Number of protein chains: 2
Amino acid sequence: MGDQPVTAAVLVIGNEILSGRTVDANLSYIAARLNTIGIRLLEARVVPDRIEAIVAAVNACREAHTYVFTTGGIGPTHDDITARAIAAAFGVAIERNAEAVARLTSHYQGGGLNEARLSMADMPKGAVLIDNPVSQAPGFQLGNVFVLAGVPAIMQAMFDGLMGRLRGGATIHSRTVSCYLAEGTIAAELAAVQRRFPEVEIGSYPFFRARRFGTSLVLRGEDESAVAKAAAEVRALIGVLGGEPLELEP
Amino acid sequence: MGDQPVTAAVLVIGNEILSGRTVDANLSYIAARLNTIGIRLLEARVVPDRIEAIVAAVNACREAHTYVFTTGGIGPTHDDITARAIAAAFGVAIERNAEAVARLTSHYQGGGLNEARLSMADMPKGAVLIDNPVSQAPGFQLGNVFVLAGVPAIMQAMFDGLMGRLRGGATIHSRTVSCYLAEGTIAAELAAVQRRFPEVEIGSYPFFRARRFGTSLVLRGEDESAVAKAAAEVRALIGVLGGEPLELEP
């Protein structure tokens, strides 16, 4: 418990991302939230609104990872095909979920609960609902796959509500050390630090801030003391190379 | 020529996207640019800085699509492993590219061309350079795979420069019709329009603007006249349902 790696994949479903019309805002939210409970997001895919493409991606990801989170394609229109695709991926039937119907009925008491909106209650057999506190139409969980809305505000509310169902992994500790030295200047010594701390993942990210080029070094790992020691070495080498270490986002 | 579908995949390489530290800005740029020359982006994947993960994704995507574009992992630090991964995916050796060395030598005339920076000239055998007008260190093309920087300004300059190498597909025509009606209100009639125009892809996207909920309908297809006719039907049905069609982004 908490010692084996717990991994996840995100599946962003939607032609609007692949056409460039919409910039995805869900991946980074889910990634950051998973981080807080020690679940490692190891993969993300963006797939079009095509059943076969979704089925293939869902099956590849649910086999490879502890959890899969999908976003998008659960609304009332003809292009919302995620529930059908998930059912096809698991080889189960679609059925109208009674509890989902009850929630929609309650939400649309003033009228407007037409067949299109009712179709949002059509879910794979065995689905467990995921609450939607924003607009009621629920998401659902089937096996290790969590099916969420694409609208960021709704997706976020759904995700926060389901986090209690997730088994967390070992906490990932992180330190960021930045400096106004170029990547190429620190690369050799940084690689040496990485060799001394194989259990710490050291990432190097160039930036341009206040008209100056610099580099952020991000150190991540399960061993807090190793992360701290490696960060101290990075700070020291920045000083040796004539820079000034700036610690950010501890 | 220009009649068969030309498809593409984007591979975003980098732990920083999967940890939630950085929000990807490259996918939507590439998607929008490909659109302008009739190339359909059908898939995107985000993979971590791990050789096996990159190799698997590159090989899956280069097999399935006309073109693959990778972003990230071509800098001078130890975590920049994209070139090695591409070489492994193609089963070719890495060699120091003489032209890339010449460009780096010219760029770092004032000094600073150390071994780490020179390593940015290490590319798979057979690689064709992609110009980097921003910071000189080139990207490269191997077969149908184009390897680009992760820093958006550099990636964009590289991409714009390589577009002349791409074979365009049939132009994709697009119309967007928006209205202040909810998705569930128009869903049934919209599905009927979609059935009448199977060659037009109709996407429905809810929005919240000026404190009102609405829906944007995006119609896309190769047949300009069919797209225009379907858009006219969508505008008409919005009127019938008591809304007002707002044409945007023609």
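The structure reproduced in this document is the subject of the present report.

Criteria and cut-off values
Residues numbered from 1 in each chain as written. Chains lettered and ligands numbered in written order. Predicted model: local features only at pLDDT ≥ 70, side-chain atom pairs only at ≥ 80, totals over all residues. Heavy atoms only, no water. Helix = DSSP H or I, 4+ residues; strand = E, 2+ residues; numbered from the N terminus. Buried < 20%, exposed > 50% of the residue type's maximum accessible area, 1.4 Å probe, protein only. Contact = heavy atoms within 4.5 Å. Areas by Shrake-Rupley, 256 points an atom, 1.4 Å probe, with all protein chains shown as cover. Lys, Arg positive; Asp, Glu negative; His and termini not counted. Charge placed at Lys NZ, Arg CZ, Asp CG, Glu CD. Buried area = accessible area lost by both parts, 1.4 Å probe. Salt bridge = Lys/Arg side-chain N within 4 Å of Asp/Glu carboxyl O. Polar contact = N/O pair within 3.5 Å; in protein donor to acceptor, adjacent residues only side chain to side chain. Pairing = 2+ DSSP bridges. Axes fitted to C-alpha atoms, helices over the stretch in contact; angles between N-to-C directions. Least-squares fit on C-alpha atoms with pLDDT ≥ 70 in both. Phe/Tyr/Trp six-rings, centres within 6.5 Å; stacked < 30°, edge-to-face > 60°. Lys NZ or Arg CZ within 6 Å of the ring centre and 35° of its normal.

## Looking at the overall build of chain A
Step number 1: Looking only at helices and strands, chain A has nine helices and 12 strands in total.
Step number 2: Taking all 250 residues of chain A together, the buried fraction comes to 52%.
Step number 3: When contacts within chain A are restricted to residue pairs at least 6 apart in sequence, long-range pairs at least 24 apart make up 69% of them.
Step number 4: Just so you have it, chain A exposes about 10400 Å², and 53% of that area is on carbon and sulfur atoms.
Step number 5: If the 22 positive side-chain charges of chain A are averaged to one point and the 26 negative ones to another, these points end up 2 Å apart.

## As for the interface of chain A and chain B
Step number 1: Contacts between the two partners involve 48 residues from chain A and, on the opposite side, 48 residues from chain B.
Step number 2: For the pair chain A and chain B, the summed buried area comes to about 3900 Å², and 56% of that belongs to carbon and sulfur atoms.
Step number 3: Linking chain A to chain B there are zero salt bridges.
Step number 4: Applying the counting rule to chain A against chain B returns 18 residue pairs in polar contact (both at pLDDT 80 or more).

## Some remarks on the pairing of strand S7 (residues 139-142) of chain A
Step number 1: Here S7(A) shows no split at all, with Gly139(A) and Gln141(A) on one side and Phe140(A) and Leu142(A) on the other all buried.
Step number 2: Remark: two residues form the turn of the hairpin made by S7(A) and strand S8 (residues 145-148) of chain A, two consecutive strands paired antiparallel; Gly143(A) in that turn has positive phi of roughly 60°.

## Notes on the sheet that holds strand S1 (residues 6-13) of chain B
Step number 1: Reading across the sheet, the 12 strands line up as S6(A)-S7(A)-S8(A)-S3(A)-S1(A)-S2(A)-S2(B)-S1(B)-S3(B)-S8(B)-S7(B)-S6(B) and stay open at both edges, with mixed pairing between neighbours. Pairing within the sheet leaves two strands with one partner each, and these edge strands are strand S6 (128-130) of chain A together with strand S6 (128-130) of chain B. Each adjacent strand pair in this sheet contributes to an overall mean axis angle of 20°, direction not counted.
Step number 2: With respect to the sheet, helix H7 (residues 152-162) of chain A is in contact with strand S3 (67-71), S6, S7 and S8 of chain A, its orientation differing from that of S8(A) by roughly 150°.

## Quick look at the relation of the copies chain A and chain B
Step number 1: Here chain A sits on chain B after a turn of 180° about the axis and a move of 0.0 Å along it, with an RMSD of 0.0 Å. Both copies are brought into coincidence by an operation consistent with a two-fold rotation axis. Using C-alpha coordinates, one finds that chain A approaches the rotation axis most closely at Arg45(A), a distance of 2.2 Å.
Step number 2: Both copies contact each other with a shared surface, as 100% of the interface residues of chain A are interface residues in chain B too.

## Let's talk about the pattern of salt bridges
All names here are of chain A.
Step number 1: Counting across every chain of the model gives 20 salt bridges over all chains.
Step number 2: Across the pair Glu99 and Arg103 runs a salt bridge whose closest N-O atoms are separated by 2.8 Å. Of the two residues, Glu99 and Arg103 are both situated in helix H5 (residues 98-107); the distance of four residues between them amounts to about one turn of the helix.
Step number 3: Residue class for Glu99 comes out partly exposed when judged on its relative accessible area of 40%.
Step number 4: If you follow the salt bridges from partner to partner, you end up with Arg96, Glu115 and Asp122 in one network.

## Considerations on unusual backbone geometry
All names here are of chain A.
Step number 1: For Gln136, which is not glycine, the phi dihedral falls at a positive 70°.
Step number 2: By secondary structure assignment, the location of Gln136 is in the loop between S6 and S7.
Step number 3: Residue classification places Gln136 among the partly exposed positions, given a relative accessible area of 27%.

## Regarding the environment of Ala8(A)
Residues and elements named next belong to chain A.
Step number 1: Checked against the element boundaries, Ala8 lands in strand S1 (residues 6-13).
Step number 2: When the C-alpha positions of Ala8 and Thr185 are compared, they lie 35 Å apart, and in sequence the two are 177 residues distant.
Step number 3: Setting aside residues no more than four positions away along its own chain, Ala8 makes contact with Leu34, Ile39, Arg40, Leu41, Leu42, Glu43, His65, Tyr67 and Phe69.

## Some thoughts on the packing of aromatic side chains
Step number 1: Taken as a whole and assessed by the stated rule, the structure comprises 14 aromatic pairs over all chains.
Step number 2: Between Phe69(A) and Phe146(A), the aromatic rings sit 5.3 Å apart at their centres with planes inclined by 25°, giving stacked as the arrangement. Taken as a pair, Phe69(A) in strand S3 and Phe146(A) in strand S8 lie far apart in primary sequence, 77 residues in all. The pair Phe69(A) / Phe146(A) is uniform in exposure class, with both members buried.
Step number 3: Ring plane angle 65° and centroid distance 5.9 Å describe the contact between Tyr67(B) and Phe146(B), whose orientation is recorded as edge-to-face. With Tyr67(B) in strand S3 (residues 67-71) and Phe146(B) in strand S8 (residues 145-148), this residue pair connects regions lying 79 residues apart in the sequence. Phe146(B) carries the same exposure label as Tyr67(B), and that label is buried.
Step number 4: Three or more aromatic residues joined by ring pairs make a cluster, and in this case those are Tyr29(A), Tyr67(A), Phe69(A), Phe146(A) and Phe159(A).
Step number 5: We note Arg212(A) situated over the ring of Tyr180(A); from NZ or CZ to the ring centre the distance is 4.1 Å.

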